[in-house]
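Fold and contact review
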Amino acid sequence: MERLTGLDASFLYFETGTQHLHVCALLILDPSSGDYSFEGFKAELARRLPLIPQMRRRVYEVPLNLDHPVWVEDENFDLDYHVRRIAIAAPAGRRELAELVGDIASRPMDRDRPLWEMSVVEGLDDGKIAVICKYHHAAVDGITGANLMMHLCDPEPGVTKTVPDDEWRPEPKPSDWQMLAEAVVKFPARAGIVGMLPKTVGVVAGFAQRRRENKAGMAIPFSAPRTPFNLAITPHRAVAFSDPELDGINDILVKNISNSPTAKF
């Protein structure tokens, strides 16, 4: 059992029906260099799961929400639920793939299961395979995401990772009474954090006042002008692909850095 940090728990607290707090990644794989099969893909993923224990953990909430939720290994873990096979009517191009990614990104995740999914898409017009990876931000951030990809991918062909062959046995789920007792013990410290809220509000108010008096520096929060994009969002997501030139991106970055008064070289 591992308790979520305040930051990771906030991604659960702030999620709504329209504001999804999962992240998605699209991988395009070329199976021409090997014998691809969906069952083989899933079997290799299952073999590597001991390297990524967080993929077997699910969230349990503390009774009465007296403390942050905890991660506990899912005794009912089912790889078939998390890895799904999708076929697009061939030949399927980038538009069809983008619509599928948008549809998958639009669906909230089931918190009664480990917070990740993989959709393996077959039937692309170039013979390649797409893997749509979806993780909740409470479980994966930039660093853990990079570590996860290191375990899932090999640095070069023909080199496979060594994996412990111990039989996996899930840890026992803590009882509600156990989680409640731990939360009560820690409650005085959490109450101290609540007492810091007035001071924090005062700091933010002081920052806004100083920003009004001095035009330089960071913009005041929530002061952006109204634009066609400042509308209430829906659960639906749209995805589009682009092929920018790397040199053009570098030019934009260099220009922005050179125009920044705080830039250092």
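Residues numbered from 1 in each chain as written. Predicted model: local features only at pLDDT ≥ 70, side-chain atom pairs only at ≥ 80, totals over all residues. Heavy atoms only, no water.

Looking at the pairing of strand S7 (residues 129-136)
One face of the sheet, then the other: side chains in a regular strand alternate in exactly this way. Judged by how many residues are buried, S7 sits mostly within the fold: eight of eight residues are covered. Taking every second residue as pointing to the same face, both faces of S7 are buried, with Ile129, Val131, Cys133 and Tyr135 on one and Ala130, Ile132, Lys134 and His136 on the other. Connecting strand S6 (residues 116-124) to the antiparallel partner S7 that follows it, the hairpin turn spans four residues, and Gly127 within it adopts a positive phi of roughly 80 degrees. (Buried < 20%, exposed > 50% of the residue type's maximum accessible area, 1.4 Å probe, protein only. Helix = DSSP H or I, 4+ residues; strand = E, 2+ residues; numbered from the N terminus. Pairing = 2+ DSSP bridges.)

Some thoughts on the nonpolar core
Counting 18 residues, the largest nonpolar core has Trp116, Met118 and Tyr135 as the members making the most contacts within it. Ranked by the residues each element gives to this core, the list is headed by S7, at four residues. Sequence-distant contacts of Trp116, defined by excluding residues within four places in its chain, comprise Leu45, Met55, Phe77, Leu79, His82, Val83, Met109, Lys134 and Tyr135. (Core = buried A, V, L, I, M, F, W, Y, C linked by side-chain atoms within 4.5 Å. Contact = heavy atoms within 4.5 Å.)

Observations concerning the sheet that holds S6
Pairing within the open sheet is mixed, and its four strands lie in the order S2-S7-S6-S5. Pairing within the sheet leaves two strands with one partner each, and these edge strands are strand S2 (22-29) and strand S5 (83-92). Neighbour-to-neighbour, the strand axes of the sheet open up by a mean angle of 20 degrees, direction not taken into account. With six bridges joining them, S6 and S7 adopt antiparallel strand pairing. From the neighbouring strand, Trp116 faces S7, where its bridge partner is Tyr135. Sheet strands in contact with helix H4 (residues 94-105) are S2, S5, S6 and S7, and its direction is about 155 degrees off that of S5. (Axes fitted to C-alpha atoms, helices over the stretch in contact; angles between N-to-C directions.)

What about the sheet that holds strand S3 (residues 57-60)?
Taken together, three strands build an open sheet; the order of strands is S1-S4-S3 and the sheet is antiparallel. Single-partner strands in this sheet number two, and they are strand S1 (2-3) and S3.

With respect to a negative patch on the surface
Taken together, the side chains of Asp30, Glu96, Glu99, Asp125 and Asp126 define an acidic patch exposed on the protein surface. Mapping Glu99 onto the fold places it in helix H4. (Patch = residues over 30% accessible without salt bridge, like charges linked within 9 Å, V, L, I, M, F, W, Y side chains within 5 Å. Areas by Shrake-Rupley, 256 points an atom, 1.4 Å probe, with all protein chains shown as cover. Salt bridge = Lys/Arg side-chain N within 4 Å of Asp/Glu carboxyl O. Lys, Arg positive; Asp, Glu negative; His and termini not counted. Charge placed at Lys NZ, Arg CZ, Asp CG, Glu CD.)

Some thoughts on the side chain of Ser106
Along the chain, Ser106 turns up in the loop between H4 and S6. Residue contacts for Ser106: discarding those within four places in its chain leaves His20, Pro235, His236 and Arg237.

Considerations on the pattern of salt bridges
Under the criterion given, the structure shown has 16 salt bridges. A salt bridge links Lys42 to Glu39, with the shortest nitrogen-to-oxygen separation between them at 3.9 Å. Remark: Glu39 and Lys42 occur in helix H2 (residues 38-48); sequence separation between them is three residues, near one turn of the helix. One salt bridge in this structure joins Arg48 and Glu44, with 2.7 Å as the shortest N-O distance. Of the two residues, Arg48 and Glu44 both sit in helix H2, four residues apart, roughly one turn of that helix. By relative accessible area, which is 4% here, Arg48 ends up buried. Taken together, the salt bridges that share partners define one network made up of Glu44, Arg47, Arg48 and Asp154.

Looking at the side chain of Arg48
Only 2.7 Å separates the side chain of Arg48 from the side chain of Glu44, close enough to count as a polar contact. At 3.0 Å, the side chain of Arg48 and the backbone oxygen of His151 are in polar contact. With near-sequence residues (within four places) excluded, Arg48 lies in contact with His151, Leu152, Cys153, Asp154, Thr160, Lys161 and Val163. (Polar contact = N/O pair within 3.5 Å; in protein donor to acceptor, adjacent residues only side chain to side chain.)

So, the confidence of the model for the protein
Here the protein shows a mean pLDDT of 84. Residues at 70 or above account for 84%. Of all secondary-structure elements in the protein, the lowest mean pLDDT belongs to helix H7 (residues 197-213), at 59, while helix H3 (residues 79-82) reaches the highest, 96. (pLDDT = per-residue confidence, 0-100.)

Details of the state of the cysteines
Counted by the stated rule, this structure contains zero disulfides. Among the cysteines around Cys24, which has no disulfide bond, Cys133 carries the closest sulfur, lying 8.9 Å off. Its relative accessible area of 37% is what places Cys24 among the partly exposed residues. Unpaired in terms of disulfides, Cys153 finds its nearest cysteine sulfur in Cys133, a separation of 8.5 Å. (Disulfide = S-S within 2.5 Å.)

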